[in-house]
Each structure stands twice: as C-alpha cells, then as structure tokens.
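Analysis of the macromolecular model
What follows is each chain in one-letter form.
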Amino acid sequence: MIKLADIKQSIEVELKQLNQIINDTLRSDNPLMNTIVSNYLKTKGKQLRPILVLLSGKLFGGINQEVITAGAAIEMLHNASLIHDDVIDESKQRRGVDTINGVWENHVAVLVGDFFVSRALVCAVDTRNSEILRVLATLGSDLSLGEIDQYDTARHHNISEEAYFNIIGKKTASLFTSCVEVGGLAAGASYEQLAAIKEYARLLGLCFQIKDDTFDYFHDPVVGKPTGNDLREGKVTLPLIYALSQHKNSKRNEMMEIVKKGTYSASEIERLVEWAKDCGGIDYAYLKMRELCNTAESLLDDYGDNECTRALKSIFRYIIERNK
C-alpha cells in the first residue's frame, strides 16, 4: 500500500499552489477577519479532499491551473461547513485545536463560515467553468440537507441503517464525490468517464464517516473526541444501529427505550456504548467498510493500473486503518 505521505509528495508542488490560492483568496481588508482566518489556516489536517481533486485531474489528463483552482474552491467550502458544524455542535475544539466559536462568539464564527462560502464561490468562478460552479452549489445544498435530515431523524427516532446511510451520503460522501467530479471536469473529462470514479468517491465518503463514527466508541485524546460524544448530540451511528437491529438480544428493548429518550445521562451513554460493542457493532462497521472498499477497488479497475488508481486504492485502505 502506498503511504499517504508519498501520495502527497507526488503532488507536492500542485498542493502548495492550491494552498496559496486559498490564502490569497481569503485575504481581506478587515484585520480581525485576517487574524481569525490566518490562525485557522495554520492547521491544515491531511487535506484528503484537495488530494482527491488533484488525483482526479491527474487521472484524466493532467493537473492544470483550473484543477488547482477548483480544488481550492472546494476546500474552502469544506472548511466553511466545518466552521458552521462547530457552531451547531457547540464544539470548543476540533482535533485538539480551539475552534473559531471556541475562541470567539458564535455569531463571529458564523460570519467567518459565510465568508469562506462566498470566497469559495469567487474561486469557482475563476475556473471559468460553469459546471464546476454547479457542482459546488449542489454540494452546498446537499451538506445542508444532510444536517437537516440528521436533525429530523433524531427527532423522530428513525433508527435504521437506511436512514443512517442517507444522512452520511449527503453530509460526507457528497463532498468526496464533488472533489473527484470537479477535478475531472477541470481536466476535461466527460460525465461518462467520471461515472465510476464518482461512485468510488461516494463509497470512500461513506467509509470515512463510518470510521469516524467508530472513534466515538473509544476514548482517544489524540482524536479529541470523547466516548459517546455523538450520543450526547443525539446522533445514533452504525455500531449502535446494528446492535438495535438484533431483535433476539435480551437487552435490545431496554436499550431502545433509552435511545428513544433523545437525551442521555453519562451512565446511559456508557451503557449504550458498551452494549453496542458487546453486540458486535464495531465488527459490523468494519465489515461494511471492507465491503465498500472491495466495491470501490473494482470500480477503479475501469481506469487501468496506473499511479493514480494505485494511489486512490491506497487512500481507501488508509481511511479504514487510520487511528485519527
């Protein structure tokens, strides 16, 4: 398996250009905004989304300026969604770093998120490709609808695997799909050529969220996500959904009654988390991730065995194996 660091090194120059575009585009004549943005951009994370944009462009003919600009646009929109999510979830830290709303008031964080959205659209316009602008506009609505679906599902206690995958398909997978789509479009790929890689990216996004949700069942200060945090926010994820689907389990009805309450004490969260693990919820999540990976790899075979497809396959395996 190719390491993520090696994949990043292969597109190091283009990734550096992409980050420079983000810095330049987010610069304003407002000192406070510049301070907040500058501090925020110091932590870049693994940058999986822009990497996917660049690899998609490379697969379909090469990384041109339009691909790099499109990648910058989608990364800014992604960051806008994270900033707004932190406000909604009242998160004071993300991956061990203070959030904007953790340092400033919520209304400042919302305005900064809105600024990221507007500058992302400016960047998308700079590609002079209306299809890329359409993808970003559609992505923005999908991300919002995913959040609304999650809220509505929790409100009505619609605890099913189908509902879960519908939510994470909009909240997470839509972003991954949009990354490879804009990268391919910017490189001149047709919609027919993009079909298989878009499905690969959708499956990758589903896998990413499933893996992220498993962290909630283990306390890990590196991840910065305490055990049961999703449940504190009213989110029932795949391991617990699987456990609740086991109708013959002696504790199933008791646990379902706790889940339906919507808000839980610390002891109830601990009981739900441990019960889901005991019922094989984590094992089931990994089974699903491996199934998604196998399907995704077969889709990439449509593009042959080359540097890009090998990198994309390695990214999928990395997502499953990552510990943060």
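In case you missed it, the structure is sitting above this.
All residue numbers here refer to positions counted from 1 along the written sequence of the relevant chain. A pLDDT threshold of at least 70 governs which residues receive local features in this predicted model, and a stricter bar of 80 or more applies before side-chain atom pairs are shown or counted, although totals over entire chains, interfaces and linings include all residues. Hydrogen atoms and water are omitted, and side-chain values are computed over all heavy atoms in the structure.

**Here we look at the overall build of the protein chain**
Within the protein chain, the regular secondary structure consists of 16 helices and 2 strands. What you see for the protein chain is a C-alpha radius of gyration of 20 Å, in line with the 20 Å of a compact globule of 324 residues. Principal axes of the C-alpha set define a box for the protein chain whose edges measure 60 × 50 × 30 Å. By definition in these notes, contact holds between two residues if any of their heavy atoms fall within 4.5 Å. Sequence separation of 24 or more characterises 75% of the internal contacts of the protein chain that already satisfy a separation of 6 or more. Residue-level accessible areas treat just the shown protein chains as cover; the underlying method is Shrake-Rupley with a 1.4 Å probe. Summed over its atoms, the accessible surface of the protein chain is roughly 15100 Å², and 50% of this surface lies on carbon and sulfur atoms. For the protein chain, the separation between the mean place of its 38 positive charges and that of its 45 negative charges on side chains is 3 Å. Strands here are runs of E lasting at least two residues and helices are runs of H or I lasting at least four, both read from the DSSP assignment and numbered beginning at the N terminus. For the radius of gyration, the atom set is restricted to C-alpha positions; the globular benchmark scales as 2.2 Å times the number of residues to the power 0.38. The convention is simple: Lys and Arg are positive, Asp and Glu are negative, and His and the chain ends are not counted. All charge positions are set by atom: Lys at NZ, Arg at CZ, Asp at CG, Glu at CD.

**Details of the pattern of salt bridges**
Opposite charge on two side chains makes pairing possible when the charged atoms of those side chains draw close. The salt bridge definition used is simple: a Lys or Arg side-chain nitrogen within 4 Å of an Asp or Glu carboxyl oxygen. Counting across every chain of the model gives 21 salt bridges. For Arg134, the salt bridge is made with Glu131, and the minimal N-O distance between the two is 2.9 Å. Taken together, the residues Arg134 and Glu131, both in helix H8 (residues 130–155) and 3 residues apart, mark about one turn of the helix. Among the residues examined, Arg134 registers a relative accessible area of 34% and is labelled partly exposed. Think of it in three bands: with a 1.4 Å probe and only protein chains considered, a residue is buried below 20% of the maximum accessible area for its type, exposed above 50%, and partly exposed in between.

**Some remarks on the side chain of Arg252**
Within the secondary structure, Arg252 sits in helix H13 (residues 252–259). The side chain of Arg252 sits in the buried core without any salt bridge; Glu257 is the nearest counter-charge, 7.8 Å away. Within polar-contact distance, the side chain of Arg252 engages the backbone oxygen of Leu244 at 2.7 Å. The contact partners of Arg252, leaving out residues within four places of it in the chain, are Ala243, Leu244, Gln246, His247 and Trp275. Two N or O atoms count as a polar contact when they lie within 3.5 Å, although within protein this holds only if one can serve as hydrogen donor and the other as acceptor, and sequence-adjacent residues are included solely when both atoms are side-chain atoms.

**What about helix H14 (residues 266–278)?**
Think of an α-helix as 3.6 residues a turn; residues three or four steps apart then line up on the same face. Compared with an ideal rise of 1.5 Å per residue, which puts 13 residues at 18 Å, H14 spans 18 Å between its outermost C-alpha atoms and is within 8% of the ideal. Among the residues making up H14, those that are buried are Glu268, Ile269, Leu272, Val273, Trp275 and Ala276. When H14 is viewed along its axis, its buried side chains cluster within an angular range of 165 degrees and face the same direction. What points out from H14, more than 90 degrees from its buried face, is the exposed set Ala266, Glu270 and Asp278. Residue Gly280 follows H14 closely and has a positive phi angle near 90 degrees. For a helix, the expected span equals 1.5 Å multiplied by the number of residues minus one. By definition, the arc is the one covered by directions from the helix axis to the C-beta atoms.

**Describing the packing of aromatic side chains**
Between the rings of Phe, Tyr and Trp (Trp by its six-membered ring), a pair exists once the centres lie within 6.5 Å; its type follows the angle of the planes, with under 30 degrees stacked, over 60 edge-to-face, and the other angles tilted. Using the criterion set out here, one finds 6 aromatic pairs in the structure. The positively charged end of Arg49 is found above the aromatic ring belonging to Phe208, 4.9 Å away from the centroid. Geometrically, a charge over a ring is one whose NZ (Lys) or CZ (Arg) sits within 6 Å of the ring centre while staying within 35 degrees of the ring normal. Stacked on the ring of Phe208, the Lys or Arg Arg322 has its end atom at 4.2 Å from the ring centre.

**Section: the packing of helix H2 (residues 12–25) against helix H5 (residues 65–89)**
In helix packing, the relevant descriptors are the interaxial angle and the interaxial distance, both defined with respect to the helix axes. Axes here mean lines fitted to C-alpha atoms, for a helix over just the part in contact, with angles spanning 0 to 180 degrees between N-to-C directions. Where H2 meets H5, the closest approach of the two axes is 9 Å, and the angle between their N-to-C directions is 55 degrees. Our classification of the angle between H2 and H5 gives oblique. Crossing of H2 against H5: the hand is right-handed. Note on element contacts: H5 touches H2 through Gln65, Ile68, Thr69, Gly71, Ala72, Glu75 and Met76, opposite Glu14, Gln17, Leu18, Ile21, Ile22 and Thr25. A class-by-class count of the residues in the contact of H2 with H5 yields 6 nonpolar, 5 polar and 2 charged. Note on angle classes: values under 35 degrees are labelled roughly parallel, values over 145 roughly antiparallel, values of 65 to 115 roughly perpendicular, and the remainder oblique. In this scheme, a crossing is called left-handed if the near helix is turned counterclockwise away from the far one by less than a right angle; it is called right-handed if the turn is clockwise. Charged residues are taken to be Asp, Glu, Lys and Arg, nonpolar residues to be Ala, Val, Leu, Ile, Met, Phe, Trp, Tyr, Cys and Pro, and polar residues to be all remaining types, Gly included.

**Re the nonpolar core**
Remark: nonpolar core denotes a set of buried residues (Ala, Val, Leu, Ile, Met, Phe, Trp, Tyr, Cys) joined through side-chain atoms within 4.5 Å. Core analysis: the biggest nonpolar cluster contains 107 residues, and Leu52, Phe116, Ile197, Tyr200, Leu240, Ile315 and Phe316 have the highest contact counts within it. When neighbours within four sequence positions are excluded, Ile197 is seen to be in contact with Ser56, Leu59, Phe60, Val180, Leu300, Tyr303 and Leu312.

**Comments concerning the packing of helix H10 (residues 191–214) against helix H16 (residues 307–321)**
The N-to-C vectors of H10 and H16 enclose an angle of 15 degrees; their axes lie 9 Å apart at closest approach. Of the possible angle classes, the one that applies to H10 and H16 is roughly parallel. Judged by the twist between their axes, the crossing of H10 over H16 is left-handed. Across the interface between the two elements, Ile197, Tyr200, Leu203, Leu204, Cys207, Phe208 and Lys211 of H10 pack against Leu312, Ile315, Phe316, Ile319, Ile320 and Glu321 of H16. Its residues placed into classes, the contact of H10 with H16 shows 11 nonpolar, no polar and 2 charged.

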